[in-house]
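Fold and contact review
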Amino acid sequence: MKRIEVAGIPQGITQLIQGSMMLKAEDMDYSGGLLDAYAAAGGNAIDTGHIYGVSSAQAIGKWMEARGNRADVVVIGKGAHPYEQSRMTKTCIQNDLIESLERLATDYMDVYLLHRDDPNVHVGYILEGLNDQLAAGRCRAIGASNWSVARIREANAYAEKHGLTGFSCSSPNLGLARPIEPRWAGCVSTTAEDEAWHEQSRLPILSWSSQSGGFFTDRCAPDKRGDADMVRVYYSDENWERKRRAGVLAEKYGVTANQIALAYVLNQPFPVAAIIGPQSPAELKDSVDALPVALSAEERAWLKLATETASL
């Protein structure tokens, strides 16, 4: 599996990152089997979050201990989620990281991301707190999840000026379907301008919800309105047209529209990896089968409706 370069991570990160919310320490036959399938497919990175709770993190820790593979696994953690109020403090950044490490039964996080931003907190204060964790050896690289490009640029400019380590990556939502509104409070989805900046800066994106929560599967259609969140976030004329076009290219490449949506993300002209959430080895294989699909710049532009013609 192809890997992208991320500063601070010498082994790189595979383009498919295994999500962890479905894992349970109480069912290691299931959790271990899914992680084994991911590793066998060539994947090396697991996405975690302090807010995801204890059980999923403990399952990862048990699996790494049983397989003796901690050095081979890139563990991505997220902390300082606001919950009901801002927690963008050095204390919360550190406490969430330490508690996550205890759950994972490891002494370091490969990449530590801030799960949300608080624009009212100065980037210098935040970076000082994160650099404290780097100096303590609790993480090897830092990044931002759901931060705007403007704040990331501000933060990395501050880091460069003051001799600090800046963000090595960003984790927004990047997908073919464009959200009408944020799926959850504080979430950030990329714009065309954001993507142009990532192409220029080469800062990697670790995209969440790359396949738009299943929008490109048969579960979603204009007359299927049982999932209120999907309707609220993705049901638009533009997205139905993107789905139609994904179906056209799916026939061309002998894959599914859902796999075309994933290929759209992975074929961007900047370093990108996709966080996926397969519930079974079969669903994992469905994502892996999208990896060989190489979409051209023209096809990507057509898919996202940047090309007005109705067909290629």
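Structure: above.
Since this is a predicted model, take the numbers as computed values, not measurements.

1. So, the pairing of strand β7 (residues 139–145)
Across a regular strand the side chains alternate sides, sitting on one face of the sheet and then on the other. Of all seven residues that make up β7, six are buried, and the element is covered over most of its length. This β-α-β element, strand β6 (residues 109–114) to helix α4 (residues 123–135) to β7, shows right-handed connectivity. Pairing analysis gives three bridges linking β7 to strand β8 (residues 169–171), with the strands arranged parallel. The residue of β8 that forms the bridge with S145 is S171.

2. Brief notes about the environment of P281
Along the chain, P281 falls in helix α10 (residues 281–288). Along the primary structure P281 and K304 are separated by 23 residues, whereas in three dimensions their C-alpha atoms are 30 Å apart. Not counting the four nearest positions on each side in its chain, P281 is found in contact with L34 and A37.

3. A look at the side chain of R87
Take R87: it is sitting in the loop between β5 (74–79) and α3 (90–104). Polar side-chain contacts of R87 include one of 2.8 Å to the side chain of D96. Among all residues touching R87, those that are not within four sequence positions of it are A80, H81, P82, C92 and D96.

4. What about empty space enclosed by the protein?
This structure, assessed with the given rule, holds two cavities of 30 Å³ or more. Within this model, the largest cavity holds a volume of roughly 50 Å³. In terms of lining residues, the largest cavity is bounded by T48, G49, H50, G53, S56, A57, S100, R103 and L104. Those elements that place two or more of their residues in the lining of the largest cavity are α2 (54–67) and α3. The element that contributes the greatest number of residues to the lining of the largest cavity is α3, accounting for three residues. Looking at side-chain class alone, the lining of the largest cavity contains two nonpolar, six polar and one charged residues. Estimated volume of the second largest cavity: approximately 40 Å³. W147, S148, V149, S170, P172, V188, T190, D194 and H198 together form the lining of the second largest cavity. A per-class count over the lining of the second largest cavity returns four nonpolar, four polar and one charged.

Quick notes on the rules
- Residues numbered from 1 in each chain as written.
- Predicted model: local features only at pLDDT ≥ 70, side-chain atom pairs only at ≥ 80, totals over all residues.
- Heavy atoms only, no water.
- Buried < 20%, exposed > 50% of the residue type's maximum accessible area, 1.4 Å probe, protein only.
- Helix = DSSP H or I, 4+ residues; strand = E, 2+ residues; numbered from the N terminus.
- Right-handed = clockwise from strand over helix to strand, strands pointing away.
- Pairing = 2+ DSSP bridges.
- Contact = heavy atoms within 4.5 Å.
- Polar contact = N/O pair within 3.5 Å; in protein donor to acceptor, adjacent residues only side chain to side chain.
- 1 Å grid on protein atoms, 1.4 Å probe; cavity = no way out; pocket = protein on both sides within 12 Å on 5 of 7 lines; lining within 4 Å.
- Points joined across faces, edges and corners; volume = space filled by probe spheres on them.
- Nonpolar A, V, L, I, M, F, W, Y, C, P; charged D, E, K, R; others polar.

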